[in-house]
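Examination of the molecular architecture
Each chain, letter by letter, is given below.
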Amino acid sequence: MSVPASPWALLAELTHACPLHCPYCSNPVDLTRRSRELGTAHWAEVMRQAGELGVVHTHLSGGEPLLRSDLEQITTAAETAGIYTQLVTSGVGLDADRLAALADAGLRSVQLSVQAADPRANDRIAGRPSSFTAKEKAAALVRDAGLPLGLNVVLHRENLDAIDAVIDLGVVWDVDRIELANTQFYGWGLLNRTALLPTPGQLARARDTVARRRAGLPGRPELVWVVPDHFDGVAKPCMGGWGAVSLTVAPDGTVLPCPAAASLPDLDPPNVLDHPLDWIWHRSPAFNRYRGTDWMTEPCRSCDMRTRDFGGCRCQAYALTGDATHTDPACRLSPDHALVRSLVEHSEEGAPPKPWVYRRAGRRARRCPGPTG
Ligand code: SF4
Ligand code: FES
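Residues numbered from 1 in each chain as written. Chains lettered and ligands numbered in written order. Predicted model: local features only at pLDDT ≥ 70, side-chain atom pairs only at ≥ 80, totals over all residues. Heavy atoms only, no water.

What counts is decided by this rule: UniProt positions are given in the numbering used here, feature names are shortened, and annotations may be inferred rather than shown by experiment.
The chain is annotated in an unreviewed UniProt entry as PqqA peptide cyclase of Streptomyces prasinopilosus. As recorded by UniProt, the Sequence similarities (unreviewed entry) comment attached to the chain reads in full: "Belongs to the radical SAM superfamily. PqqE family." Heading Function (unreviewed entry) of the UniProt record for the chain holds this comment: "Catalyzes the cross-linking of a glutamate residue and a tyrosine residue in the PqqA protein as part of the biosynthesis of pyrroloquinoline quinone (PQQ)."

1. A short note on the packing of aromatic side chains
The following threshold applies: Side-chain rings of Phe, Tyr and Trp, where Trp is taken by its six-membered ring, are said to pair if the distance between their centres is within 6.5 Å; with planes under 30 degrees apart they count as stacked, over 60 as edge-to-face, and otherwise as tilted. Under the scheme used here, helices are H or I runs from DSSP no shorter than 4 residues and strands are E runs no shorter than 2 residues, and both carry numbers assigned from the N terminus. Residue burial is assigned from relative accessible area. The probe radius is 1.4 Å, only protein chains are included, and a residue is buried under 20% of its type maximum, exposed over 50%, and partly exposed in between. Lysine and arginine charges are scored as sitting over a ring when NZ or CZ, respectively, is within 6 Å of the ring centre and within 35 degrees of the ring normal.
Applying the stated rule across the entire model yields five aromatic pairs. Ring plane angle 45 degrees and centroid distance 5.6 Å describe the contact between Phe132 and Trp173, whose orientation is recorded as tilted. On the criterion of sequence distance, the pair formed by Phe132 in helix H5 (residues 131-145) and Trp173 in the loop between helix H6 (163-172) and strand S6 (177-182) is long-range, its members being 41 residues apart. The same class applies to Phe132 and to Trp173, which are both buried. With 6.0 Å between their ring centres and 75 degrees between their planes, Trp356 and Tyr358 make a pair best called edge-to-face. Just as Trp356 is buried, Tyr358 falls in that class too. Chaining the aromatic ring pairs together yields one cluster made of Trp242, Tyr290 and Trp295. Taking NZ or CZ as reference, Arg291 lies 4.8 Å from the ring centre of Trp281, over its face.

2. A look at the UniProt feature "binding site: [4Fe-4S] cluster" (unreviewed entry) in the chain
The test is simple: By the convention used here, residues are in contact when the closest approach between their heavy atoms is within 4.5 Å.
Summarizing the sequence annotation, UniProt attributes the feature "binding site: [4Fe-4S] cluster" (unreviewed entry) to Cys18, Cys22 and Cys25 in the numbering used throughout. Tracing the sequence through the fold places Cys18 in the loop between strand S1 (9-13) and helix H1 (40-53). Residue classification places Cys18 among the partly exposed positions, given a relative accessible area of 24%. Apart from the residues within four sequence positions on either side, Cys18 is in contact with Gly63, Glu64, Leu67 and Arg359. With respect to the helices and strands, the residue Cys22 is situated in the loop between S1 and H1. Non-local contacts of Cys22, meaning those with residues more than four positions away in its chain, are made with Gln115, Ile125, Ala126 and Arg359.

3. As for the side chain of Ser131
We apply this condition: We define a polar contact as two N or O atoms separated by no more than 3.5 Å, with the added condition that, inside protein, one atom must be a possible hydrogen donor and the other a possible acceptor, whereas residues neighbouring each other in sequence contribute only through side-chain atom pairs.
Relative to the elements of secondary structure, Ser131 occurs in helix H5. Residue classification places Ser131 among the buried positions, given a relative accessible area of 1%. A polar contact is formed between the side chain of Ser131 and the side chain of Asn122, at a distance of 3.3 Å. Dropping the residues within four chain positions of it, Ser131 is found in contact with Leu20, Val92, Asn122, Asp123 and Ala126.

In structure tokens:
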């Protein structure tokens, strides 16, 4: 098994704190408390080591990274290390002074989350009143600052039928890119899977809409469709392969091959407080556990697709089968594929909304406001 010389991207989860409560959040259900977050000097050292390791791009993410008062210093550290920085934000709390300070620190681009184009639907999914207004203001600030702006819209049962409106919103807000990302069922998203899983009909209509709008747009905004993986019988090359192109540093310094890997038992993930990033990437047992193809069981082991999709997602294999070495049940060749088929078959067209659990620190608040709020 060969170890990739260097990761391309670093997902820096600076904090799990967030003003929004989206039920599809991929953060772990056990959110890291603020008192356990890495301090400024540690994050600056993470960026220095990441630059030395060869990382070229970092997503400054969370939770809501604007809640870190030292975000400018962390951005400067990344810039000094030669790493391109993108802020991944809800937009809540962004004002002109903060954005100017971040741009001065070296911030290169912004990815803004939007839950829906309709303000009431947006605020209901986000679990926060007036959050749409904050996003609208943030988009205008980023445009005025001349920074590249992308929208990220996580898609699920309650907003998939309104993709046209989301694309219209992106045109009005003059964004460069719209990422239409079907929900990945990890963390809070997994907890809420029953409520979020779309129907096959919704997905087919949404795909048609994206194709129609792509044909009608003059090349901007770019529309990116992140495929769902419960519906086509095909496993996705999750994270581009385990320990192949990216790494995640969690708020407390835990380093993971993917943001959801903390859910895997016995992984024993390393921490930047104990080991250098170079050792973690090249030598740590956690990063080598599912690298390459040696770990695979059948049918992946003898499948021609194994070096292209890497057997799919380890976290999903564990979540659905209890064994992370199993073939991802999303694959139609998996002996466990019936688990995914039965989830999809229970996702009915026209069924009433199901309750979901809003993401909250320290407690789980169950609430089902229904589509009219
Ligand atoms: Fe991919 Fe494994 Fe399915 Fe083959 S059997 S297509 S390698 S997930
Ligand atoms: Fe962890 Fe796919 S989310 S390997």
